[in-house]
Amino acid sequence: MTPELLYSLRDVAGVPSHPLVFLILGVVTFALHIIAVQVLVGASALVLWGALSSSDYPRRLAQTLLVVAKVAVSVAVVLGVAPLLFVQVTYDPFWYTSNVLSAWWVIGFIVILTLAYLLLYYFYYRNHHLATQPTSSIFSLMVSLVLFWTVGFIMHTLTYQMLSPDQWMQWYAPNQTIDASGTKLHSYHLARYGFFMLLGLPVIGCFIIAYRQYVSECIGIQRDYLHWLRVLGMRLMLSGGGVVLVVGAIWVATTPSLFTQLLTQPLSWLAVALLVLVSVAPTLLNRKLNSVWGSYGLVGLIVLTVLVIATVRELERFAILKGKFGYNTLDYKVNVDWYSTTMFFVTFALVGGSTLAYYLMIAWQAGRTEGIYTPSPALSRLGNWVIGMMVVWIVHFFVLGFWVWWR
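The shown structure was predicted, so the numbers you read here are calculated from the model rather than taken from an experiment. (Residues numbered from 1 in each chain as written. Predicted model: local features only at pLDDT ≥ 70, side-chain atom pairs only at ≥ 80, totals over all residues. Heavy atoms only, no water.)

(A) How the structure looks around the pattern of salt bridges. For the structure shown, the criterion picks out four salt bridges. As a salt-bridge pair, R317 and E314 come within 2.7 Å of each other at their nearest N and O atoms. Of this pair, R317 and E314 both sit in helix α13 (residues 292-323), separated by three residues, roughly a single helical turn. Across this residue pair, the class does not change: R317 and E314 are buried. (Salt bridge = Lys/Arg side-chain N within 4 Å of Asp/Glu carboxyl O. Helix = DSSP H or I, 4+ residues; strand = E, 2+ residues; numbered from the N terminus. Buried < 20%, exposed > 50% of the residue type's maximum accessible area, 1.4 Å probe, protein only.)

(B) Quick peek at the packing of aromatic side chains. Under the defined criterion, the tally for this structure stands at 27 aromatic pairs. Consider the rings of F94 and Y327, whose centres lie 4.7 Å apart with planes at 80 degrees: the pair is edge-to-face. Of the two residues, F94 is situated in helix α4 (residues 92-101) and Y327 in the loop between α13 and α14 (338-367); the sequence distance between them amounts to 233 residues. Among the residues examined, Y327 registers a relative accessible area of 0% and is labelled buried. (Phe/Tyr/Trp six-rings, centres within 6.5 Å; stacked < 30°, edge-to-face > 60°.)

(C) Structural view of the layout of surface pockets. Roughly 990 Å³ of internal volume is contained in the second largest pocket. Taken together, 43 residues line the second largest pocket, and the ones lying closest to its centre are H33, V37, F109, V151 and M155. When residues of the lining of the second largest pocket are traced back to their parent elements, those giving at least two are α2 (19-52), α3 (56-90), α4, α5 (103-126), α6 (138-161), α8 (190-198) and α13. Sort the elements by how many residues they give to the lining of the second largest pocket and α2 lands first, with eleven residues. The residue inventory of the lining of the second largest pocket, partitioned by class, reads 30 nonpolar, nine polar and four charged. (1 Å grid on protein atoms, 1.4 Å probe; cavity = no way out; pocket = protein on both sides within 12 Å on 5 of 7 lines; lining within 4 Å. Points joined across faces, edges and corners; volume = space filled by probe spheres on them. Nonpolar A, V, L, I, M, F, W, Y, C, P; charged D, E, K, R; others polar.)

(D) Unusual backbone geometry, seen in detail. Although it is not a glycine, N175 adopts a positive phi angle of roughly 55 degrees. With respect to the helices, strands and loops of the structure, N175 is situated in the loop between α7 (168-172) and α8. In this structure, Q176 is a non-glycine residue whose phi angle is positive, near 65 degrees. According to the relative accessible area criterion, Q176 is exposed, its value standing at 76%.

(E) A look at the packing of helix α10 (residues 223-253) against helix α12 (residues 266-285). Remark: α10 packs on α12, axes separated minimally by 7 Å, with the N-to-C direction vectors making an angle of 155 degrees. When the axis of α10 is compared with that of α12, the two are roughly antiparallel. At the point where α10 passes α12, the crossing takes the left-handed sense. Contacts from M234, M237, L238, G241, G242, V244 and L245 in α10 reach V272, L275, V276, V278, S279, V280, P282 and T283 in α12. (Axes fitted to C-alpha atoms, helices over the stretch in contact; angles between N-to-C directions. Parallel < 35°, antiparallel > 145°, perpendicular 65-115°, else oblique. Left-handed = near helix turned anticlockwise from the far one by under 90°. Contact = heavy atoms within 4.5 Å.)

This is the structure:
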């Protein structure tokens, strides 16, 4: 596969802003997306553990995390759209080819994800009182987890296949015979896939420690339960972080480009150092975990760690495609479109940011309220403002669409 052929697959219209903007936004949004995925993976695993347990505390935590897992699916899907679009813009020759080569799995991704969510929701519907009543329909939860891991593997494979343009012809026409079925997943790396999925262990451990701090101020909360949450969160971060480091070492050792990157780029070493810090931070903090900054500070640490890992991942992709195949994403033709660029940032920061802030404040205050929760007048005004912005955005969307169609 020559560089000239790869360049010929680009969109002749170019990109509406400098490619570096899309690369940075892709890293940031991917980090947020994968954190939501890891919360889902970790929370659903603990729900299964609690649902199979006869002990009080695991079942009590499972009931809470079942709601968290259900919401995490929605957050992961919403946040996953943005990095997917950025990849399509900056790496379109690679992404679309990889998708065509495994077209059935691309379509199947939507079907499998929908089925996984329906099964998770069915389990939730059947177990509203998981903490105090026997578990029902555990099989639906098990199948749901398998399907969630399956869609993760599909997305991993599609992303990994785009890094091997030298193999595309062999996959498309093995032994000179064209295979246009699109039914095969051609290339994957289990350690790379496992690294990102198993990060769910320290991530959910961090979440549990922050959750413990949040509920510690609720009336009637049991101190023994808080202690149990603290110990569980610390163990998940320590042991889970260790597992991730081992799997990550296997990934690096079996990927020459990443090994070279580790030796030459300080950012790669920063990612390793942060992973080690994530593992031992709860132990180092010890009693300070009971403080607000100690517990919630871990959330900031885990977000920073995943953000650095996402940056290293992007640098590896850029280095492979440029160093091995002569393709430079940064020299993509630019046709500046200020309107669409401005609309993206307005939507992301103003509409999305205000909506997220409103939901977080509502959830935060409602969770600590005994009886019926009534938002303050200021928060109600913020809610009305958010609804108004959404209405304006939707009207604008259709007006713009009809105007473009009419022209």
